[in-house]
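Examining the three-dimensional arrangement
For reference, the chains in residue letters:
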Amino acid sequence: MCENKVYTVSIYTENNIGLLNRISAIFQRRHINIESINTSSSEIDHISKWTIVVELSEDRMKKIIGQIEKQVEVIKAYYHKEDEIIYQESCLFKIKSEFLFEERQIQNIIKDSNAKIVHVNREFFVLEKSGRTEDIELFHRELKAFGIMQFTRSGRIAVTKDEMKISEMLKVF
Amino acid sequence: MEESYTLEKKEKTITKESISGSEALMKCLMAEGVETLYGYPGGAIMPVYDQLYKYQDRIHHVMARHEQGATHAAQGYSRISGKVGVVIATSGPGATNLVTGIADAQIDSTPLVCITGQVSSHLLGSDAFQETDIIGISTSVTKWNHQITKAEDIPKVLAKAFFIAKSGRPGPVLIDITKDAQFEEFDFSYQKCIGIRSYKPVPIVNKKQIEAAAALINSAKQPLIVWGQGIILSEAEDIFKALVEKSGIPAAWTILGASALPTSHSLNVGMVGMHGNYGPNMLTNECDVLIAIGMRFDDRVTGNLDSYAKQAKVIHFEIDPAEIDKNVTADIAILGDAKDSLTQLLPYLEEKTYSDWHQKFKDLYAIEYDKVIKNDIHPTKEGLTMGEVIHQINLQTKGNAAIVSDVGQHQMIACRYSNFNITKSNITSGGLGTMGFALPAAIGAKMAAPERDVIAIIGDGGYQMTIQELGTVFQQRIPLKIVVLNNEFLGMVRQWQQLFFDKRYASTEMTNPDFVAIAKGYYIDAQKVTKRSELKLAVQEMMASVGPYFLEVCVEKEGNVFPMIPSGASVSEIRLE
């Protein structure tokens, strides 16, 4: 039995209604929790790129890639280990404005973490931070002591260190 | 849109005229060569039925008595003809009633195009009358599905649907069409789909892998072939037979592979799996090279994977890349269409005989014959056996009939003992194990192959799940032979209760109606057999009948199907009693 690890899945697809249902069902019927999911346009016009983070064994990961690629509208799917990608996640924190002005420590946390203030008014201010999972978790822990009114975090987005020859594949068609 | 981003490749355009979406659907079906479709009308599909009325001289619509029956009929039609089965139903319950048949087609790789009506597009998501999210519901049991809300999309989506359903590893596709799209008029033209950018249905065979496979096969001392439905789906029967004969390798079959090589062929060593033959199951764990062709190592075939053919090098011929290493790890995987792969492999194979190895199969068959087969097909004790009924049918049909079996003990007996001379003669629900499959599937099979004897073998349980399709048999005048093997039990469940649940027969005993009276109520000739002495004549009468015929055979109540690999056990732990 292989050990469970975090894998990032990249899927290139046609942009069609209903595909989310098909792809999520592949994970669902095998009782695999999707840690995060993101879809967006890709480097290729009219092709969507999905980035899905899951934790499972490599053996199962390979089988799931096969099942994903089997879907008619999926062009290609890959899985990557943590050291094979460059990734970022993004998050927003809404915090009472009084802390910004009265708690010097918050100001230091913001400065040290390279977070950005994206909105300020009398009642609250909003911080944005992008980074790796552990950076965001640390930032979250540091701010939690002061009270967080709202917190939200995006799915992971990633690019690989190695080239993915998806454009060449599409030319063959 | 630039050409490079056109999603589908298309064949030349035919016609251009302004017509409604539902008439366009008729023209799409005709362009795809559809002559028969199975379905059931209802509110949201009425514009299509109105056009079916108009085109009834060119498209024969068979009204089933339940939408599930329509899907199974289309499956039977497809399985015996190799064509795409087409089903049509209304929205809501009509659509949801299709789901069992679609799931069955998905797991058994049967090409279907199912067309459902849907509420008008402005009502979508409003919980309108007979609205259901059939796209969401059918997603996990279809190869592809799509909802159409504009008439102009009908031709391109239908073209894509047929291409996806029949290409590569075939499967069911569902197309949901809103009622307004059925009414809407547009300039119709049709182009057959010949390729889709994101979909590569048939992998190209790798020559180096073929050479490696040939070298491994030629070096084998005790090779074993296990073939599945892939041979039939790729129409590779002739090349497969040539390959078996040249290589001299014993060949065993999965339940859906049955009939691809005649039962009587000297290198056909029988069925693998839970109720398969003793020899091929035992020797799976002794062969040095296991050559799997067009089969997916289903758990009913492999038993416990931890002890399945561990000593063997495995060569897996498969069209679906997702099947490679899914259950059994392949030493050599050959992706591609079975016919292409085997054609390329054949010249590399050496002619061999493996007489000692064959003798092992014969020795094990002799043991199985003595302990099981003899008692099943030539019983001396009181009480008719299912095996002797199948044996009697073999004698009367000389192995030329198509056997459509339901699910349960009789299915295993029918598959084990039927003689198949002709390919595509074993039509059964293998993967999903759908009780109620056989009667409607036999309707479709007989309609697709009217020149053949089609015999449905059904248990008393499964028969009552789709018994209403007798109405379809009667109305369509389908000269089908229906044999119900009645043991007044859900026999397979009862067998498991006996063996693994201390004979606690919970809800498996059936109090049955007068089946003969029911058949006669549908104006179908019928008789009931309770004694061995009546069997031969009854089967003769059935086979001689011109119209549909129903034969009920009352068999022993607590007969069991052996051999049997207990669930989760190794194939070599197969029990003979």
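Residues numbered from 1 in each chain as written. Chains lettered and ligands numbered in written order. Predicted model: local features only at pLDDT ≥ 70, side-chain atom pairs only at ≥ 80, totals over all residues. Heavy atoms only, no water.

Remarks on the UniProt feature "domain: ACT" (unreviewed entry) in chain A
Mapped onto this numbering, the UniProt entry annotates "domain: ACT" (unreviewed entry) at residues 8-88 of chain A. Segment residues 8-88 of chain A splits into 27% helix and 46% strand. End C-alpha atoms: 12 Å apart. (UniProt positions renumbered as here; feature names shortened; annotations may be inferred. Helix = DSSP H or I, 4+ residues; strand = E, 2+ residues; numbered from the N terminus.)

Details of the packing of helix H9 (residues 207-219) of chain B against helix H14 (residues 338-345) of chain B
Residue and element names in this part refer to chain B. In contact at an axis separation of 9 Å, H9 and H14 are set at 60 degrees when each is read in the N-to-C sense. Between H9 and H14, the interaxial angle falls into the category oblique. Crossing of H9 over H14 shows right-handed handedness. Facing Lys-207, Ile-210, Ala-213, Ala-214 and Ile-217 of H9, the residues of H14 in contact are Ser-341, Gln-344 and Leu-345. A breakdown of the residues in the contact of H9 with H14 according to their chemical character gives 5 nonpolar, 2 polar and 1 charged. (Axes fitted to C-alpha atoms, helices over the stretch in contact; angles between N-to-C directions. Parallel < 35°, antiparallel > 145°, perpendicular 65-115°, else oblique. Left-handed = near helix turned anticlockwise from the far one by under 90°. Contact = heavy atoms within 4.5 Å. Nonpolar A, V, L, I, M, F, W, Y, C, P; charged D, E, K, R; others polar.)

Some points on the sheet that holds strand S18 (residues 481-486) of chain B
Residue and element names in this part refer to chain B. One open sheet holds the 6 strands; their spatial order is S16-S15-S17-S18-S20-S19, and the pairing between them is parallel. Each having just a single partner strand, strand S16 (426-428) and strand S19 (525-529) make up the two edges of the open sheet. The average undirected angle you get between the axes of adjacent strands in this sheet is 20 degrees. Here S18 runs beside strand S20 (residues 549-554); their pairing, made up of 6 bridges, is parallel. By the bridge assignment for S20, Val-484 is matched with Glu-552. On top of the sheet, helix H3 (residues 67-81) reaches strand S15 (402-405) and S16; it is set at about 155 degrees to S16, its chief contact. (Pairing = 2+ DSSP bridges.)

Notes on the domain arrangement of chain B
Residues and elements named next belong to chain B. Domain boundaries assigned for chain B yield domain 1 (17-188), domain 2 (207-360) and domain 3 (384-554). Relative placement of domain 2 and domain 3: their C-alpha centres are 30 Å apart. Contacts between the two partners involve 18 residues from domain 2 and, on the opposite side, 19 residues from domain 3. In this assembly, domain 2 packs against domain 3 so that about 1400 Å² is buried in total across both faces, 58% of it on carbon and sulfur atoms. Area buried by domain 2 at its contact with domain 3 is led by Ile-255, Ser-259 and His-275, which between them contribute 39% of it. Here domain 2 and domain 3 share 1 salt bridge between them. Glu-235 serves as the salt-bridge partner of Lys-424, at 3.4 Å between the closest nitrogen and oxygen. Split by residue class, the side of domain 2 that touches domain 3 holds 9 nonpolar, 5 polar and 4 charged. (Domains from an automatic or database assignment. Buried area = accessible area lost by both parts, 1.4 Å probe. Salt bridge = Lys/Arg side-chain N within 4 Å of Asp/Glu carboxyl O.)

Let's talk about the packing of helix H11 (residues 237-247) of chain B against H14(B)
All names here are of chain B. The geometry of H11 relative to H14 is characterised by a closest axis approach of 9 Å and an angle of 35 degrees between their N-to-C directions. Pair H11 / H14 crosses with left-handed handedness. Residues Ile-239, Phe-240 and Leu-243 of H11 touch H14, and the partners they reach there are Lys-339, Leu-342, Thr-343 and Leu-345. Residue classes in the contact of H11 with H14 are distributed as 5 nonpolar, 1 polar and 1 charged.

Let's talk about the domain arrangement of chain A
It is common to report an interface's size as the accessible area lost on association of the parts. Segmentation of chain A into domains returns domain 1 (5-85 + 160-172) and domain 2 (88-153). One C-alpha centre belongs to domain 1 of chain A, the other to domain 2 of chain A, and the line joining them spans 31 Å.

Structural notes on the sheet that holds strand S11 (residues 268-271) of chain B
Residues and elements named next belong to chain B. Strand order in the open sheet made by the 6 strands is S11-S10-S9-S12-S13-S14, with parallel pairing throughout. Among the strands making up the open sheet, the edge pair consists of S11 and strand S14 (332-335). Between one strand and the next, the sheet's axes are offset by a mean angle of 20 degrees, whatever the strand orientation. One ladder, built from 5 bridges, connects strand S12 (residues 289-293) with strand S13 (residues 313-318); its direction is parallel. Bridge pairing in S13 links Ile-291 to Ile-315.

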